[in-house]
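Single-letter residue listing:
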Amino acid sequence: KETARDGSTPLLPKIDRLTQDVAAASLLGDFADPALPHLERLRGLVETIITGLFNIPVEKIFGKPTRLGEAMEAKRAACLLIDGLMTEARKRPPDAMPGRGDRRDVLSSLAQASEEGEALSAEEIHDSVVTMAFAGKVTAAAA
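These numbers come from a predicted model, not from an experiment.

A closer look at the pattern of salt bridges
One pass over the structure, following the stated rule, counts two salt bridges. Among the salt bridges present, the one from Arg76 reaches Glu73, with a minimum N-O distance of 3.2 Å. Of this pair, Arg76 and Glu73 both sit in helix α4 (residues 67-91), three residues apart, which is roughly one turn of that helix. Residue class for Glu73 comes out partly exposed when judged on its relative accessible area of 45%. Across the salt bridge formed by Asp127 and Lys75, the nearest N and O atoms sit 2.7 Å from each other. Of the two residues, Asp127 is situated in helix α6 (residues 122-142) and Lys75 in helix α4; the sequence distance between them amounts to 52 residues. For Asp127, a relative accessible area of 32% translates into the label partly exposed.

Pasting the structure below:
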């Protein structure tokens, strides 16, 4: 539609979204359904985290959050969201996920490992998920 209307289509936003979708599917499995609100929430939080990473290394100036401060708050919110997704993933048996009986997505694998006593700490899980989401975003930007 865009090409017919404008004579061209901007590829970077489409490639960016596609790369994020692939990363989300690998990371979140069936939690990556675009109809679920937490996926857009996680995208927005990752965007805020990325924006804040490359700024002044001060969280507040004159009591007002800097971009780094906003990024730190987004990371805390992302951690809460990830904790909720992990709780949901732990509740479901492996065969409850269509086509994913062997838990091939990262989130379900982490949840299963934590049930079997091979768990990463909550902080390690948070950092892994945010890093993978960051990688999906940065990969598209570099393309």
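Once the structure has been displayed, the description carries forward.
Observations concerning the confidence of the model for the chain
Mean pLDDT over the chain works out to 75, with 77% of the residues at or above the 70 mark. The element-level mean pLDDT for the chain is lowest in helix α1 (residues 2-6), coming to 59, with α4 highest at 86.

Side note on α4
Under the 1.5 Å per step criterion, the end-to-end length of α4 is 36 Å for 25 residues, consistent within 8% with the ideal 36 Å. Those residues of α4 that sit buried are Leu68, Gly69, Ala71, Ala74, Ala77, Ala78, Cys79, Leu81, Ile82, Leu85, Met86 and Ala89.

Topic: the layout of surface pockets
In this structure, the largest pocket encloses a volume near 180 Å³. The set of elements that each furnish at least two residues to the lining of the largest pocket consists of α2 (11-28), α3 (37-53) and α6. Classifying every residue of the lining of the largest pocket gives eight nonpolar, two polar and three charged.

Description of the environment of His126
Within the element layout of this structure, His126 appears in helix α6. Accessibility expressed as a relative area gives 10% for His126, which makes it buried. Sequence separation of His126 and Arg76 is 50 residues, and the distance between their C-alpha atoms is 9.3 Å. Not counting the four nearest positions on each side in its chain, His126 is found in contact with Cys79, Ile82 and Asp83.

A word on the side chain of Thr66
Relative to the helices and strands, Thr66 is located in the loop between β2 (64-65) and α4. Residues contacting Thr66, with those up to four places away along its chain left out, are Ile56, Val58, Glu59, Lys60 and Ile61.

A few points about α3
Taking 1.5 Å of rise per residue, the 17 residues of α3 would be expected to cover 24 Å, and the 25 Å separating its terminal C-alpha atoms lies within 8% of that figure. For α3, the complete set of buried residues consists of His38, Leu39, Leu42, Arg43, Leu45, Val46, Ile49, Ile50 and Gly52.

Details of the environment of Thr66
In this structure Thr66 comes out as buried when scored by relative accessible area, which is 13%. When the C-alpha positions of Thr66 and Gly52 are compared, they lie 7.9 Å apart, and in sequence the two are 14 residues distant.

Side note on the packing of α3 against α4
Where α3 contacts α4, the two axes come as close as 8 Å, and the packing angle between them is 150°. Here α4 runs roughly antiparallel to α3, going by the angle between their axes. When the axes of α3 and α4 are compared, the crossing they make is left-handed. On α4, the residues that touch His38, Arg41, Leu42, Leu45, Thr48, Ile49, Thr51 and Gly52 of α3 are Arg67, Leu68, Glu70, Ala71, Ala74, Lys75, Ala77, Ala78, Leu81 and Leu85. When the residues that make up the contact of α3 with α4 are grouped by side-chain class, the tally is ten nonpolar, four polar and four charged.

About the cut-offs
Residues numbered from 1 in each chain as written. Predicted model: local features only at pLDDT ≥ 70, side-chain atom pairs only at ≥ 80, totals over all residues. Heavy atoms only, no water. Salt bridge = Lys/Arg side-chain N within 4 Å of Asp/Glu carboxyl O. Helix = DSSP H or I, 4+ residues; strand = E, 2+ residues; numbered from the N terminus. Buried < 20%, exposed > 50% of the residue type's maximum accessible area, 1.4 Å probe, protein only. pLDDT = per-residue confidence, 0-100. Expected span 1.5 Å × (residues − 1). 1 Å grid on protein atoms, 1.4 Å probe; cavity = no way out; pocket = protein on both sides within 12 Å on 5 of 7 lines; lining within 4 Å. Points joined across faces, edges and corners; volume = space filled by probe spheres on them. Nonpolar A, V, L, I, M, F, W, Y, C, P; charged D, E, K, R; others polar. Contact = heavy atoms within 4.5 Å. Axes fitted to C-alpha atoms, helices over the stretch in contact; angles between N-to-C directions. Parallel < 35°, antiparallel > 145°, perpendicular 65-115°, else oblique. Left-handed = near helix turned anticlockwise from the far one by under 90°.

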